[in-house]
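# Coordinate inspection notes
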Amino acid sequence: MKPFTTDMPSFPKDPDALVDVSFIARHAQSLSAAAVLISTVLASVLMMPPSRYPELAYLFAAPAVYWAYSSPNWRVFSWTIFCAQAFAWTFTLGWLKNVTWIGLLLLGPFIGAWTGSWFMAVRWTMPRMLGRPWAHRVVAVLGLAGVWVVLEWSRTWVLSGFPWLTLSATQWQRLSVLQPAAYTGAWGVSFVLIAVNVAFAAYAHKLIKGSADTARTRCPEFIAAMILLLGCLLLTVRETFNRGRFHVPWAKVGIIQPAIPQSLKWNNEATYGILKTLETETLNAALARPDLLLWPEATTPLAVLGDPNMKTWTESLVRKGCVPLLLGSIGREAFDTAVENWVNGVFLVTPDTGLDPRYYSKRHLVPFGEYVPVRPLLGWLEKVVPVGDDFTNGHDAALIEVKLGQNGINGSPSTTRIGPLICYEDIFPSLARESVLAGADVLVVNTNNGWFGEGAAAYQHAAHSVLRAVETRRPVIRAGNSGWSGWIDECGAIRAVLTKNHETGDVSTSPGEKGDEPGTVYFRGSATVPVTRDSRFIGVQTLYVRWGDWFVGLSMALALVTWMLLRRPYVPAPKAERLRASKFE
C-alpha cells in the first residue's frame, strides 16, 4: 500500500498570468511580425521628403534587424518585410497615381521587394553574429551597410534605372551628415545611416537579451557606427564652418514658373494662351534685370528647334526682354527629312544672336514616357508624352556656354559653362558627374513635375538636387513648371525656394528656418535670385567626380568579406583568449 502524501500540484497565485504568458508565448512570432510591420512602414514613410522626421532614417530598419537575431521563420520574416516595404513605397510614390494607377501598383511593390531583399541578408547575418568576437561583429555591420549601398547603386541601371529616394535623400535638409557625398557619392551617407540602424539593434539586443554582466559592457558595433557618424560631423566642420566668407557673387537668375496644366500643354487650341502666359511672365521677370532667365522643361507648345514660327516668336520675346533665356523645349533634328529625330532639349536664346545652334539633348529618357522600349514587341503602346515619335537620347554632357557674371578683373561678363539636367536626370549621380567632368561650372535642372499634382513629388525630386550639389561641389539651380524652383549651394544648403504667400500673393525666395517655406511652391509667377559661388570649389573636381563610384566597389568588398567570415560556423577560442578579448567589450 502506497504511503499517504499531501503533495498537491502547484498553481500560480494569479491564474490570469498563466493565460497572458501563454498567449504571448504562443503568438510571439505573430506579434513580433506585426510590430515590425507597423514600425517599419511608419518610419519608412515618415523619414522621406517632404516629411519633417528625417531622423527616423537612423532607426527605420532597427526593429527588423533586432527581430532577425531570434532566427524567425524565413517565410514569416520574408512576407513581413515584403509587405512593409511594398506598403511604404506605394504610399511614398503615391503621387504617381496622377499619371497611372497601374504603374503605381506595380512600381511600389517592385521597389519594395528590391529594397526588402536587404533584410534577407540581415536575416542570414544576425543569428550568425551571436557569440562571435567583436571584430567579426563590427565587420558584419559594415558588410550589411555595404549590401545596402550595392542594392541602391543597382537601382541606377536595372530596367533602365530608377534610383528615386536613396536613403541619403532623407537628409536633404541636414547639412551635417551630407558632406561625405563629396568623397563617396551619396552612397556614403546611406552607408552611415544603415550602419547606425544595425548598431542600434545590436545595442538593444545586448541590453535586452544579454546577461546581466554583458548588458553593462560596451557594444563595439554601436561604437563603430558612432565613429562613422562623428566622421560626418568632422567633415562638416571643415567644409561648412564659416563658409559664408568664401561666397563670391556670380549672377542674378530670374526663374519663371508658367504653371501650364498638363491637360493644356499639348492642346493645339491652347497654344495662344500658353504663349501669352510665357510672354507676360517673362517680361515681368526681365524688369528685375537679371543676368539670365530660366524656363522649365518642354515649356513651349511647339518645337523651338525645327518649327520656324516658334523659333521666331521666342527670339522676338528675348529681344524685348533684353536678357538671355535658357529654356527647355522640344526639338526636331533634321526637320522634315527621312532621318528626323525628336529630342527633349535645353536651348539658349540671346538678344544678340538668337537661338544658339548648340544645345543639350536629354541623355536618360523615361521609358513609356518619352519612348517605348523594345518597340518591335511593344509597338502597340503609345508613350505618355503625346508629341511626335519616340524621342532620341543625347550621348554627352553638351555644356551650354553663356556670358554672364563678373570675371573679377574688369567687371566684364565672363563665360560660364552650364551643365543642364532635364527632369529626373538629377536622380542619376553619374549624369551630374559627367557634366562636371566635361567642365560645368553650374548645374541647371529644367523640370516639369506638373504631371504629378501638388503633392510630395516636387520635394522628393528637389532632394536629389541637394545630393548632386554636394557630390560635385557645384551650385544647382532648378526651374520647375509649377515648383520646386530655387537654388542650392555647393555644400547642399538650400539658399532660395520660390514660394507664394497664400494670403498676400507675394512671391518669396527665402527658404525659411530649416527649409520651412513661408507659402506654397505651387504657383504661377517668377522671382530673381542672386546666385553666388564658393571660391574654394571653383574649377576644383571633388574626389567623387574624379573617381566615380569607387565606394560601391568598397561596399561590394565589405559585403563579400562578411559573407566569407560568417558562412562557416564559429569555433570559440580557448577560454583564456576569450577572457582577454572580452576586456574590450
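A brief look at the structure comes next. (Residues numbered from 1 in each chain as written. Predicted model: local features only at pLDDT ≥ 70, side-chain atom pairs only at ≥ 80, totals over all residues. Heavy atoms only, no water.)

Mapped onto the secondary structure, serine 361 falls in strand β6 (residues 360–361). Relative accessible area serves as the criterion here: at 11%, serine 361 is assigned to the buried category. Once you skip the residues sitting within four places of it in the chain, serine 361 turns out to touch Glu333, Val343, Asn344, Gly345 and Gly394. (Helix = DSSP H or I, 4+ residues; strand = E, 2+ residues; numbered from the N terminus. Buried < 20%, exposed > 50% of the residue type's maximum accessible area, 1.4 Å probe, protein only. Contact = heavy atoms within 4.5 Å.)

This paragraph deals with a nonpolar patch on the surface. There is a patch of nonpolar side chains on the surface, built from Ile38, Leu42, Leu46 and Tyr53 and spanning about 400 Å² of accessible area. Secondary-structure assignment places leucine 46 in helix α2 (residues 28–46). On the accessibility criterion, leucine 46 (37% relative accessible area) is partly exposed. (Patch = residues over 30% accessible without salt bridge, like charges linked within 9 Å, V, L, I, M, F, W, Y side chains within 5 Å. Areas by Shrake-Rupley, 256 points an atom, 1.4 Å probe, with all protein chains shown as cover. Salt bridge = Lys/Arg side-chain N within 4 Å of Asp/Glu carboxyl O.)

Let us now look at the environment of valine 343. By secondary structure assignment, the location of valine 343 is in strand β4 (residues 341–350). The class of valine 343 is buried, set by a relative accessible area of 1%. C-alpha of valine 343 to C-alpha of leucine 365: the two residues are 22 residues apart in sequence and 9.7 Å apart in space. The contacts of valine 343, once residues within four sequence positions are left out, are Ser329, Ile330, Gly331, Glu333, Tyr359, Ser361 and Thr392.

End to end, helix α17 (residues 457–472) covers 23 Å across 16 residues, agreeing with the expected 22 Å (1.5 Å per residue, within 8%). Summarising burial for α17: 16 of the 16 residues are buried, a large majority. Among the residues trailing α17, arginine 473 stands out with phi positive, at a value near 55°. (Expected span 1.5 Å × (residues − 1).)

Moving on: the sheet that holds strand β9 (residues 442–447). Reading across from one edge, β7-β8-β9-β10-β11-β12 is the order of the 6 strands in this open sheet, with mixed pairing throughout. The strands lining the two open edges of the sheet, one partner per strand, are β7 (400–404) and β12 (494–497). Strand-to-strand, the axes of this sheet are offset by a mean angle of 25°, without reference to chain direction. Two strands pair when backbone bridges link them, and β7 and strand β8 (residues 414–422) are joined in this way by 5 bridges, in the antiparallel orientation. Bridge assignment links valine 402 to a residue of β8, and that residue is threonine 416. Contacts between helix α16 (residues 429–437) and the sheet are confined to β8 and β9, with β8 contributing the most and set at about 160° to the helix. (Pairing = 2+ DSSP bridges. Axes fitted to C-alpha atoms, helices over the stretch in contact; angles between N-to-C directions.)

Take the packing of helix α6 (residues 134–154) against helix α19 (residues 550–566) next. Put simply, α6 and α19 touch, their axes get as near as 7 Å, and they point 135° apart. The pairing of α6 with α19 is recorded here as oblique in orientation. Where α6 crosses over α19, the handedness of that crossing is left-handed. Between α6 and α19, the contacting residues are His136, Val139, Ala140, Leu142, Gly143, Gly146, Val147, Val149, Val150 and Trp153 on the first element and Phe551, Val552, Ser555, Met556, Leu558, Ala559, Val561, Thr562, Leu565 and Leu566 on the second. Here the residues of the contact of α6 with α19 are counted per class, giving 15 nonpolar, 5 polar and no charged. (Parallel < 35°, antiparallel > 145°, perpendicular 65-115°, else oblique. Left-handed = near helix turned anticlockwise from the far one by under 90°. Nonpolar A, V, L, I, M, F, W, Y, C, P; charged D, E, K, R; others polar.)

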